[in-house]
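# Fold and geometry: a report
Here are the chains, one letter per residue:
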Amino acid sequence: MSTSSQKNTAFSRFWDSDLIWKFRHAPVAIICFMVTLGMVLSAMFAGAIAPYNPFDLASFDLSDAFLPPAWMEGGKWKFVLGTDDQGRDMFSAILYGLRVSLEIGLSSVLISIVIGVSLGLISGYAGGMTDTFIMRFCDVMLSFPAILLALLIDGVIRAILPESVHDQAAYGVLIFAISLSGWVRYARTVRGATLTEKKRDYVQAAQLFGVSSMRIMFTHILPNVMGPVLVLATVQVATAIITEATLSFLGVGVPPTTPSLGTLIRVGNEFLFSGEWWLAIFPGVALILFVLTINLLGDWLRDALNPKLQ
């Protein structure tokens, strides 16, 4: 069989698979996927799409400050969504802010997955005192919300590090705080799935052949418990972005010179009742739209992978 024929056969199997068939017949999932993909690509290529660079302070013109959206009286079409108090283009700031929020959300979720999946596998497979210790530690971590952890970590960092590096450390503080509270859900989910999988015949057969526990966990069991993890990760990305926006709104986040959606909303909130409504509304709409489409896509994925709904 030629290489092209093999590629066509592989694509046909992929296109006709149950998951893709369900996706092709779910209009809401298709719309959410397209919107999410469009926003992700816009964030990734913000440097090429955005007409201005919001990080270049030298390019700001204070005479352009507080310009309304282009379709309103006094607006300029070169600033489609208006400008902020420094003359910064809001459309460009939202694109770059979306990229920062997405980087923080994806980074924190990735770290949470690595920690949570590893501990969940060990807890479910080992059992006994190891399982008890990890699960009690999870219970303790669940009592500390991400916002409280971030405030605590931020206070410690500000007390330890010199003031000159506080802005640079803010990015890491957000990722660390969100990851520290997010890994627990993965650990509990994977532990439950591992308890079921380790009773399967293929695991018992591997044990009889003398396969090491680490290889059984990460080579045999892990691929079979990743379905719930992928669903949870999809929803957790949206949750992480909301948490980042909340923390940035409270001032525990990236500095205004490195705008995220939460930072833009916080700055815009200061001018909301003075008539410059676009400073907070447009970043808020972008945040709501992005989180909503991710959540709807995650809900569809959860139902599509649920064998009870087949």
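Read on for a plain summary of the structure.

### Regarding the overall build of the protein
Looking only at helices and strands, the protein has 12 helices and zero strands in total. Sequence-ordered secondary structure for the protein, helices as α and strands as β, is α-α-α-α-α-α-α-α-α-α-α-α. Its C-alpha atoms put the protein at 75 × 55 × 35 Å along the principal axes. Sequence separation of 24 or more characterises 69% of the internal contacts of the protein that already satisfy a separation of 6 or more. For the protein, the exposed surface amounts to about 16300 Å²; the carbon and sulfur share of it is 67%.

### Observations regarding the packing of aromatic side chains
Per the counting criterion, the structure on display carries five aromatic pairs. Seen in terms of ring centroids, tryptophan 71 and phenylalanine 282 are 6.2 Å apart; in terms of plane orientation they differ by 75 degrees. Their pairing is edge-to-face. Highlighted residues: tryptophan 71 in the loop between α4 (46-49) and α5 (90-126) and phenylalanine 282 in helix α12 (residues 278-304), separated in sequence by 211 residues. A relative accessible area of 16% means that phenylalanine 282 is categorised as buried.

### What about helix α11 (residues 261-269)?
In terms of burial, α11 is largely enclosed, as seven of its nine residues are buried. Residues Leu261, Gly262, Thr263, Leu264, Ile265, Val267 and Gly268 constitute the buried set of α11. Where α11 is buried, its residues touch α5, α10 (213-249) and α12.

### Looking at the environment of glycine 268
Position of glycine 268 among the secondary structure elements: in helix α11. Spatially, the C-alpha atom of glycine 268 lies 47 Å from that of aspartate 131, the residues being 137 residues apart in sequence.

### Some words on α10
For α10, built from 37 residues, the straight-helix expectation of 54 Å at 1.5 Å per residue is missed by more than 12%, its first-to-last C-alpha distance being only 45 Å. Along α10, the helix axis deviates most sharply at leucine 222, where the bend reaches about 60 degrees; the proline proline 223 sits within four residues downstream. Phi for glycine 251, located one or two positions after α10, is positive at around 95 degrees.

### What to know about the packing of helix α3 (residues 27-44) against α5
Relative orientation of the contacting elements α3 and α5 amounts to 100 degrees, with a least axis distance of 8 Å. With respect to α5, the axis of α3 lies roughly perpendicular. Residue-level inspection shows Met39, Val40, Ser42, Ala43 and Met44 of α3 in contact with α5, the latter providing Leu95, Leu98, Arg99 and Leu102. Classifying every residue of the contact of α3 with α5 gives seven nonpolar, one polar and one charged.

### Concerning the environment of alanine 286
Structurally, alanine 286 is set in helix α12. For alanine 286, a relative accessible area of 12% translates into the label buried. In contact with alanine 286, not counting residues within four places along its chain, are Met39 and Ile94.

### Some remarks on a nonpolar patch on the surface
Taken together, the side chains of Phe33, Met34, Leu37, Leu41, Met44, Phe45, Ile49 and Phe91 make up a nonpolar region of the molecular surface, amounting to roughly 720 Å² of accessible area. In this fold, phenylalanine 45 is placed in the loop between α3 and α4.

### A few points about the packing of helix α9 (residues 201-208) against α10
One can describe the packing of α9 onto α10 by two numbers: an axis separation of 11 Å at closest approach and a directional angle of 170 degrees. Overall, the two elements α9 and α10 adopt an arrangement that is roughly antiparallel. Along the contact surface, α9 presents Tyr202, Val203, Ala206 and Gln207, while α10 presents Ile216, His220, Ile221 and Asn224. Residues of the contact of α9 with α10, tallied by class, amount to five nonpolar, three polar and no charged.

### Structural notes on the side chain of serine 179
Here serine 179 is to be found in helix α8 (residues 166-197). The class of serine 179 is buried, set by a relative accessible area of 3%. Polar contacts involving the side chain of serine 179 include one to the main-chain carbonyl oxygen of isoleucine 175, which spans 2.7 Å. When near neighbours in sequence (up to four residues on either side) are disregarded, serine 179 contacts Ser107, Ser108, Ile111 and Ser112.

### What about the pattern of salt bridges?
As enumerated under the stated definition, the model contains five salt bridges in all. Ionic pairing is found between arginine 88 and aspartate 84, a salt bridge with its closest N-O pair at 2.9 Å. In this structure, arginine 88 and aspartate 84 share a single accessibility class: buried. Close ionic contact of arginine 200 with glutamate 197 constitutes a salt bridge, the shortest N to O distance being 3.9 Å. Looking at arginine 200, the relative accessible area reads 41%, which means it is partly exposed. In this structure glutamate 197 comes out as buried when scored by relative accessible area, which is 12%. Connected through shared salt-bridge partners, Arg136, Asp139 and Arg188 make up one network.

### Some remarks on the side chain of aspartate 84
Here aspartate 84 is to be found in the loop between α4 and α5. Look at aspartate 84 and you get buried, because its relative accessible area is 4%. One polar contact links the side chain of aspartate 84 to the main-chain amide nitrogen of glutamine 86, over a distance of 3.0 Å. Reaching out from aspartate 84, the side chain makes a polar contact with the backbone nitrogen of arginine 88 at a distance of 2.7 Å.

How each quantity is defined
- Residues numbered from 1 in each chain as written.
- Predicted model: local features only at pLDDT ≥ 70, side-chain atom pairs only at ≥ 80, totals over all residues.
- Heavy atoms only, no water.
- Helix = DSSP H or I, 4+ residues; strand = E, 2+ residues; numbered from the N terminus.
- Contact = heavy atoms within 4.5 Å.
- Areas by Shrake-Rupley, 256 points an atom, 1.4 Å probe, with all protein chains shown as cover.
- Phe/Tyr/Trp six-rings, centres within 6.5 Å; stacked < 30°, edge-to-face > 60°.
- Buried < 20%, exposed > 50% of the residue type's maximum accessible area, 1.4 Å probe, protein only.
- Expected span 1.5 Å × (residues − 1).
- Bend = angle between axes of the 7 residues up to and from the residue.
- Axes fitted to C-alpha atoms, helices over the stretch in contact; angles between N-to-C directions.
- Parallel < 35°, antiparallel > 145°, perpendicular 65-115°, else oblique.
- Nonpolar A, V, L, I, M, F, W, Y, C, P; charged D, E, K, R; others polar.
- Patch = residues over 30% accessible without salt bridge, like charges linked within 9 Å, V, L, I, M, F, W, Y side chains within 5 Å.
- Salt bridge = Lys/Arg side-chain N within 4 Å of Asp/Glu carboxyl O.
- Polar contact = N/O pair within 3.5 Å; in protein donor to acceptor, adjacent residues only side chain to side chain.

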